[in-house]
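Secondary and tertiary structure notes
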Amino acid sequence: SILFFDAPANVQGTSLLTWNYDDASREDAQWLYLPALRKSRRIALSDRGRAFLGTALSFEDMKNETHVSLADYRWESVGEEEVDGHRCIVVDATPVDAETARALGYGRLRLRVDATIWMPRFIEYWEPGGAPLKTVRLRDVELVDGIWSARRIEAENLQTGHRTVLRFEEIDHGSGVPEELFTEAAMRRGAP
């Protein structure tokens, strides 16, 4: 995936390229392009839990668009709750080991998964040490090209009070995307 940022002005021209491999023997890769430096840099796997450009989201959150990697966690269903009028199954996730927790920056997650569309509506995150870290809410969820999609993601860092809102104005799951868009050169050129 590749993300191009056009607002706010302090991140305009920034892009994030992510390669997620189906082959478990290959490590996923991310590159960040900063226009002020006119170069891209590869994000180390050990840095995936770091804050993305000072936001309430991490590089891992950006890579997975707030989806959670099943292989990184142990899962347990702990009940049901209602979130924004939707019946949700509450699921706790703990990292598979201490190294994964350090890399992700999370010691535990609690997800409220919509029981009808199987998409998280609300996620709480804790640090590896146990302190509450942040919350993420997926809002304005609608069916786009047969895929449930959040048009708004709201993240709040509970330690600093900093909030980040991602808005998706045009979602298109059906159009083909040329392979040459997923390169460092495309990051430098900017959004098509």
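Our structure's up above, just so we're on the same page.
The structure displayed is predicted, hence computed values, not measured ones.

The rules behind these values
- Residues numbered from 1 in each chain as written.
- Predicted model: local features only at pLDDT ≥ 70, side-chain atom pairs only at ≥ 80, totals over all residues.
- Heavy atoms only, no water.
- Pairing = 2+ DSSP bridges.
- Helix = DSSP H or I, 4+ residues; strand = E, 2+ residues; numbered from the N terminus.
- Axes fitted to C-alpha atoms, helices over the stretch in contact; angles between N-to-C directions.
- Salt bridge = Lys/Arg side-chain N within 4 Å of Asp/Glu carboxyl O.
- Buried < 20%, exposed > 50% of the residue type's maximum accessible area, 1.4 Å probe, protein only.
- Polar contact = N/O pair within 3.5 Å; in protein donor to acceptor, adjacent residues only side chain to side chain.
- Contact = heavy atoms within 4.5 Å.

As a further point, take the sheet that holds strand β3 (residues 29–34). Pairing within the open sheet is antiparallel, and its four strands lie in the order β1-β2-β3-β4. The outermost strands of the open sheet, each flanked by one partner alone, are β1 (2–4) and β4 (39–43). Neighbour-to-neighbour, the strand axes of the sheet open up by a mean angle of 15°, direction not taken into account. Note: β3 against β4, five bridges, orientation antiparallel. Of the residues in β4, the one forming a bridge with Trp-31 is Arg-42.

As a further point, take the pattern of salt bridges. If the charged atoms of two oppositely charged side chains come close together, the side chains can form a pair. What the rule picks out here adds up to eleven salt bridges. Glu-154 serves as the salt-bridge partner of Arg-139, at 3.0 Å between the closest nitrogen and oxygen. On the criterion of sequence distance, the pair formed by Arg-139 in strand β9 (residues 132–144) and Glu-154 in strand β10 (residues 147–157) is long-range, its members being 15 residues apart. By relative accessible area, Arg-139 is classed as partly exposed at 23%. The closest approach of N and O atoms between Arg-167 and Glu-169, which form a salt bridge, is 3.2 Å. Like Glu-169, Arg-167 is exposed. Among the charged side chains, a network of salt bridges with common partners joins Asp-84, Arg-139, Arg-152 and Glu-154.

Here Ser-15 is to be found in strand β2 (residues 15–19). From its side chain, Ser-15 meets the backbone oxygen of Met-187 in a polar contact 3.5 Å long. Among residues more than four places away in sequence, those in contact with Ser-15 are Leu-3, Phe-4, Phe-5, Trp-31, Leu-32, Tyr-33 and Met-187.

All right, on to unusual backbone geometry then. Positive phi is not limited to glycine here, since Arg-38 has a value of about 55°. Here Arg-38 shows up in the loop between β3 and β4. On the basis of relative accessibility, which here comes to 69%, the residue Arg-38 falls in the exposed class. The residue Asp-140 is not glycine, and still its phi comes out positive at about 50°. Position of Asp-140 relative to the elements: it lies in strand β9.

The next subject is the sheet that holds strand β5 (residues 73–83). A sheet is described by the order of its strands in space; here seven strands give the open sequence β5-β6-β7-β8-β9-β10-β11, paired in antiparallel fashion. Single-partner strands in this sheet number two, and they are β5 and β11 (163–167). When the angles between neighbouring strand axes are averaged without regard to direction, this sheet yields 20°. Pairing geometry for strand β6 (residues 86–95) and strand β7 (residues 108–114), over six bridges, is antiparallel. Its bridge partner lying in β7, Val-91 is registered against Leu-111.

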